[in-house]
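Structure at a glance
So the chains spell out like this:
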Amino acid sequence: MSARRPAVPESVRRIVKVELHQHVDGSIPARTMWRLLRRHDLHPVTTMGEMRRRLELQPDEEGSLLAYLDKFHYPLWITQFYENIREAAAAIVREAADCHVRTLELRYSPVIHTYAGLTVRQAVRAVLSGMNQVCREVRGMRCGLVIIAMRQHGPHIAKILARQAIGEAEHLHERSGVVGFDIAGPERGNPPRLFREAFEIARAGGLGLTAHAGEDGPADYIWQAIDEDGAERIGHGCAALGDKALMRRLAKDKIVVECCPTSNYQTGAVKKGTPHPILAFLEAGVPVALSVDNTTVSRTDQNFESAWLAATLGAGGVAAVRRLHREAKGYTFIGRAPKARGGSPKR
C-alpha cells in the first residue's frame, strides 16, 4: 500500500459505508487536537504542521507496532475532561459522515480517561454525548460504542468494565449507547482465554462481542477468542491466514473479521509488498468488514480504504466494495435485540 494518497473516485465516495472498527483515541482529527491542546496551553510544538507529524505515523516510522502506539499519548493529554471528550467524539463522527459512513461503531477504553477525576461512567457518557449530537445533525446516521478492556490492565479490571458498560447499553436507552465489548492492547502474554469471565458478563448484559486477536499474536489467540470468549467478530485476525482449519471455521460460523489494511501494513502485521489477508478472507467466504482502525494515526479514512480495495480487486471492484459495505451493515451490533446476543461460547 503506497504512502501516497491517490484521488478517490466519485463512484467510491457515493457508496454508503459501514465502519465497525475505529478507535476514538487514534481518530481525533488533527485540527481538533491542535485546538484542544492550544486551549489548555499544552501544545508541545508551535505549528499545526509539527503537531500533525507527532499525531500521524510518518513513512519512516512504519513497520513497528511500538512506533504506531507511540502516537496515542498526546490525545490522552486532553481527553481527561468531559467536554473535550465530547468535542473529540463529535468531530470523529462528522469526519466519518463526510465519507458517507452511515453506520458507525467507535471503540474506546474509558479507564485511561479517568486520570483527572472522571468516573468510568462519565468517560463513557462523554463519548456517547458527542456521538448523539452528530446523529441528530446527520440524517440516517447510526452510531454505537464498543467498550474496550485493555489486556495490560488485567482480567479483573475487564470484568469491572463489562459491568459498567452494561449500564449504558443501547437497548436500555432511546439514543446511541454501548453496543459491544472488546479486548485490545498487547496480545503476547495476554491470551484471550484469561478474559472469559468479562466476556460472559458482557454477553449476559446483551452486548455484542468482538476481540482484537491475531494482529500481533498467533492464530491460537483467534481460536481462544471464538471458543473461550464467544467472540462474534475478530479485530484484524491477520494470523488466521496460516491456519486452514481456522479459515474454514470463520467462514462456516460467519465470524466477521474487521480488516484494517492501511493500519496492518503500517504496524507490520502484514508485510509490505504482500497481499493483504482481506483478499484471502473474501476468497474463502469469510465475512469481512472493511475498517479504518485509526484515521489520524494512519492518515486514512473510509473513502481511501474503500478506494484501495476497489482498485486492488480490479474489474468490478467498486461494485464488490459496495456489496461488502451493504453486507457489513448486517454485522453491526447497533440496533440488535439483546436476545439475539445470547448463548454460550462453543467449547
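Not measured: the values here are computed from a predicted model. (Residues numbered from 1 in each chain as written. Predicted model: local features only at pLDDT ≥ 70, side-chain atom pairs only at ≥ 80, totals over all residues. Heavy atoms only, no water.)

Here we take up the overall build of the chain. Within the chain, the regular secondary structure consists of 16 helices and eight strands. Over its C-alpha trace the chain gives a radius of gyration of 19 Å, about what one expects of a compact globule, namely 20 Å for 347 residues. Seen along its three principal axes, the alpha-carbon backbone of the chain occupies a region of about 55 × 45 × 40 Å. Among the 347 residues that make up the chain, the fraction classed as buried is 58%. Taking contacts inside the chain between residues at least 6 apart in sequence as the whole, the part at least 24 apart equals 75%. In the form shown here, the chain has an accessible surface area of approximately 14,200 Å², with 52% of it arising from carbon and sulfur atoms. Measuring between centres, the 48 positive side-chain charges of the chain sit 4 Å from its 38 negative side-chain charges. (Helix = DSSP H or I, 4+ residues; strand = E, 2+ residues; numbered from the N terminus. Rg over C-alpha atoms; globule rule 2.2 N^0.38 Å. Buried < 20%, exposed > 50% of the residue type's maximum accessible area, 1.4 Å probe, protein only. Contact = heavy atoms within 4.5 Å. Areas by Shrake-Rupley, 256 points an atom, 1.4 Å probe, with all protein chains shown as cover. Lys, Arg positive; Asp, Glu negative; His and termini not counted. Charge placed at Lys NZ, Arg CZ, Asp CG, Glu CD.)

Moving on, we get to empty space enclosed by the protein. All told, the structure shown has one cavity of 30 Å³ or more when counted by the stated rule. The volume enclosed by the largest cavity comes to roughly 40 Å³. If you trace the largest cavity, you find it lined by Asp-25, Gly-26, Ser-27, Ile-28, Met-33, Leu-55, Lys-71, Pro-75, Thr-296 and Val-297. When the residues that make up the lining of the largest cavity are grouped by side-chain class, the tally is five nonpolar, three polar and two charged. (1 Å grid on protein atoms, 1.4 Å probe; cavity = no way out; pocket = protein on both sides within 12 Å on 5 of 7 lines; lining within 4 Å. Points joined across faces, edges and corners; volume = space filled by probe spheres on them. Nonpolar A, V, L, I, M, F, W, Y, C, P; charged D, E, K, R; others polar.)

Take the sheet that holds strand β1 (residues 17–23) next. Reading across from one edge, β1-β2-β3-β4-β5-β6-β7-β8 is the order of the eight strands in this open sheet, with parallel pairing throughout. Two strands lie at the open edges of the sheet, namely β1 and β8 (288–290), each paired on one side alone. Shown here is a sheet whose adjacent strand axes are inclined to one another by a mean of 25°, direction ignored. The pairing of strand β4 (residues 178–184) with strand β5 (residues 208–213) spans two bridges and is classified as parallel. Following the sheet pairing, Phe-181 is matched in β5 by Leu-209. (Pairing = 2+ DSSP bridges. Axes fitted to C-alpha atoms, helices over the stretch in contact; angles between N-to-C directions.)

This part covers the side chain of Thr-103. Along the chain, the position of Thr-103 falls in strand β2 (residues 101–108). Discounting residues that sit within four places of it in the chain, Thr-103 has contacts with Lys-17, Val-18, Glu-19, Arg-142, Lys-329, Thr-332 and Ile-334.

One covalent bond between the sulfur atoms of two cysteine residues makes up a disulfide. As enumerated under the stated definition, the model contains zero disulfides in all. In this model Cys-99 remains outside any disulfide bridge; the closest cysteine sulfur is found in Cys-143, 14 Å from its own. Residue Cys-99 is classed as buried on the basis of its relative accessible area, which comes to 8%. You can see Cys-260 has no disulfide; the closest cysteine sulfur is in Cys-259, sitting 7.3 Å from it. When its relative accessible area of 0% is taken as the criterion, Cys-260 is described as buried. (Disulfide = S-S within 2.5 Å.)

Okay, the environment of Ser-176 next. Locating Ser-176 in the fold gives a position in the loop between α8 (155–167) and β4. Considered as a pair, Ser-176 and Val-24 are 152 residues apart in the sequence and their alpha carbons are 16 Å apart. When sequence neighbours within four positions are dropped, the list of residues in contact with Ser-176 reads Leu-128, Asn-132, Cys-135 and Cys-143. A distance of 3.2 Å separates the side chain of Ser-176 from the backbone oxygen of Cys-143, its partner in a polar contact. (Polar contact = N/O pair within 3.5 Å; in protein donor to acceptor, adjacent residues only side chain to side chain.)

Within β1, seven of the seven residues are buried, leaving the element largely enclosed by the surrounding structure. Of the strand pairs in this sheet, β1 and β2 are connected by five bridges, and their pairing is parallel. Directly across from Lys-17, in β2, lies its bridge partner Val-101.

With that settled, consider the layout of surface pockets. The calculated volume of the largest pocket comes to roughly 690 Å³. In terms of lining residues, the largest pocket is bounded by 32 residues, among which Leu-69, Phe-72, Met-150, Ala-184 and Gly-185 are the most central. Mapped by element, the contributors of at least two residues to the lining of the largest pocket are α4 (65–69), α5 (73–78), β2, β3 (142–150) and α12 (261–267). With four residues, the single largest contributor to the lining of the largest pocket is α4. In the lining of the largest pocket, the residues fall into 13 nonpolar, eleven polar and eight charged. Its boundaries defined by the atoms lining it, the second largest pocket holds a volume of some 480 Å³. For the second largest pocket, the lining is made up of 27 residues, of which Glu-95, Thr-295, Arg-299, Thr-300 and Asp-301 are closest to its centre.

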